[in-house]
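Survey of secondary and tertiary structure
Each chain, written out:
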Amino acid sequence: MSVLRQIPRSPEGLIGLFVLIIVGAAAIAAPFLFPKDPLSIVGAPLIAPFTTPALPLGTDILGRDVLAGLFHGARVSLAVGISAAAAALVIGTVMGTLAGFAGGLIDEALMRVTDAFQIVPRFLLALAFVSTIGASIPVVILAIALGAWADPVRLTRAQVLSIRERDYVASARAIGMHPMEIAFRQILPNALAPVIALAAIIVAGAILTEAALSFLGLGDPNVVTWGSMISEGRNVLRSSPFLSIIPGIGLLVTVLGVYLLGEGINKALAAEGKRP
């Protein structure tokens, strides 16, 4: 709890938290403010922003509400980013803990699998996976998680290797505690701090990867995403640049907010580590 209180005390953490609260509020409010399908046509095509009170940000090339798409796109971006990061962190921390605590052949086998996934660029792995399986939000989340779990594995393993020989671990062994209980109840909680700081980078990367996949037409066609909005806007970039600029700003602000919050978490963890 003391770490959470430290986050808003840094300028980066405060700004990042403020930005993500706004984006999160927009995502939560989207179905209430815009209950209709954001893919439905609500007016004439290419209405410019701030010209019609009912459509503050105008319409796209098909006559769909840009503001509704922006709000609903926030839901997709945050859902994909958080879900993919959570899946990557769960896989990474479990495998990293097993590798670091068990050692020997188990460590060697798990790290070679990790190396195999790290060799392939994350975006190419996600691109190949979605192209093969098919485009949907669960598939995109899984594809991004498959490319993101390797870093948490290495970081968790390094932390576990530095912790497993400490006195309280030896005491747990001496009283006959089960090895898995030692690994996941005694060691893992003390190894999580740097892994949690890494989560912000994974979330930001997942948001950008989802946007890139949608931009290439490999996102879920049944939902509005910022990447698909940017992609559709490029066809009329000269005459109606706002169609790409507005979702692009939303994407930029969200990723920047995640990175700033991550910096705030890093500073909070560093301050907590310096306490006697």
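Here we summarise the structure given alongside this text. Keep in mind it's a predicted model, so treat the numbers as computed, not measured.

Positive phi, close to 55 degrees, is recorded for leucine 46, a residue that is not glycine. Mapping leucine 46 onto the fold places it in the loop between helix H2 (11-33) and helix H3 (66-102). Given the relative accessible area of 34%, leucine 46 is considered partly exposed.

Next up on the list: the nonpolar core. For soluble globular proteins, nonpolar side chains are generally found buried alongside one another. Counting 44 residues, the largest nonpolar core has Val66, Ile202 and Leu251 as the members making the most contacts within it. Secondary-structure elements contributing two or more residues to this core are H2, H3, helix H4 (104-119), helix H10 (193-215), helix H11 (226-233) and helix H12 (242-274). No other element matches H3, which puts 12 residues into this core. Discounting chain neighbours no more than four positions away, the residues touching leucine 251 are Ile207, Leu208, Ala211, Trp226 and Ile230.

Turning to the packing of aromatic side chains, a few remarks are in order. Going through the model one piece at a time under the given rule, you end up with 2 aromatic pairs. Measuring from centroid to centroid gives 5.3 Å for phenylalanine 34 and phenylalanine 71, while their planes differ by 65 degrees, and the two rings are edge-to-face. Of this pair, phenylalanine 34 sits in the loop between H2 and H3 while phenylalanine 71 sits in helix H3; the two residues are 37 residues apart in sequence, bridging distant segments of the chain. Across this residue pair, the class does not change: phenylalanine 34 and phenylalanine 71 are buried.

With their axes 7 Å apart at the nearest point, H10 and H11 run at an angle of 40 degrees to one another. As the angle between them shows, H10 and H11 are arranged oblique. Here H10 runs over H11; the crossing is right-handed. Of the residues in H11, those in contact with Ala211, Ser214 and Phe215 of H10 are Gly227, Ser228, Ile230 and Ser231. Along the lines of polarity and charge, the residues of the contact of H10 with H11 split into 3 nonpolar, 4 polar and no charged.

By the definition in use, this model includes 10 salt bridges. A salt bridge links arginine 64 to aspartate 60; the shortest N-O distance between them is 2.7 Å. The burial state of arginine 64 is the same as that of aspartate 60; both residues are buried. Where aspartate 115 meets arginine 112, a salt bridge forms, and the shortest distance between an N and an O atom there is 2.7 Å. A residue pair is termed a helical-turn pair when its members lie 3 or 4 positions apart in one helix, as aspartate 115 and arginine 112 do in helix H4 at 3 residues.

Once that is clear, we can look at H2. Taking 1.5 Å per residue as the helical rise, H2 with its 23 residues ought to reach 33 Å, and the 31 Å between its terminal C-alpha atoms agrees with that figure. At alanine 27, H2 shows its largest kink, close to 30 degrees, and the proline proline 31 lies no more than four residues downstream.

Cut-off values and rules
- Residues numbered from 1 in each chain as written.
- Predicted model: local features only at pLDDT ≥ 70, side-chain atom pairs only at ≥ 80, totals over all residues.
- Heavy atoms only, no water.
- Helix = DSSP H or I, 4+ residues; strand = E, 2+ residues; numbered from the N terminus.
- Buried < 20%, exposed > 50% of the residue type's maximum accessible area, 1.4 Å probe, protein only.
- Core = buried A, V, L, I, M, F, W, Y, C linked by side-chain atoms within 4.5 Å.
- Contact = heavy atoms within 4.5 Å.
- Phe/Tyr/Trp six-rings, centres within 6.5 Å; stacked < 30°, edge-to-face > 60°.
- Axes fitted to C-alpha atoms, helices over the stretch in contact; angles between N-to-C directions.
- Parallel < 35°, antiparallel > 145°, perpendicular 65-115°, else oblique.
- Left-handed = near helix turned anticlockwise from the far one by under 90°.
- Nonpolar A, V, L, I, M, F, W, Y, C, P; charged D, E, K, R; others polar.
- Salt bridge = Lys/Arg side-chain N within 4 Å of Asp/Glu carboxyl O.
- Expected span 1.5 Å × (residues − 1).
- Bend = angle between axes of the 7 residues up to and from the residue.

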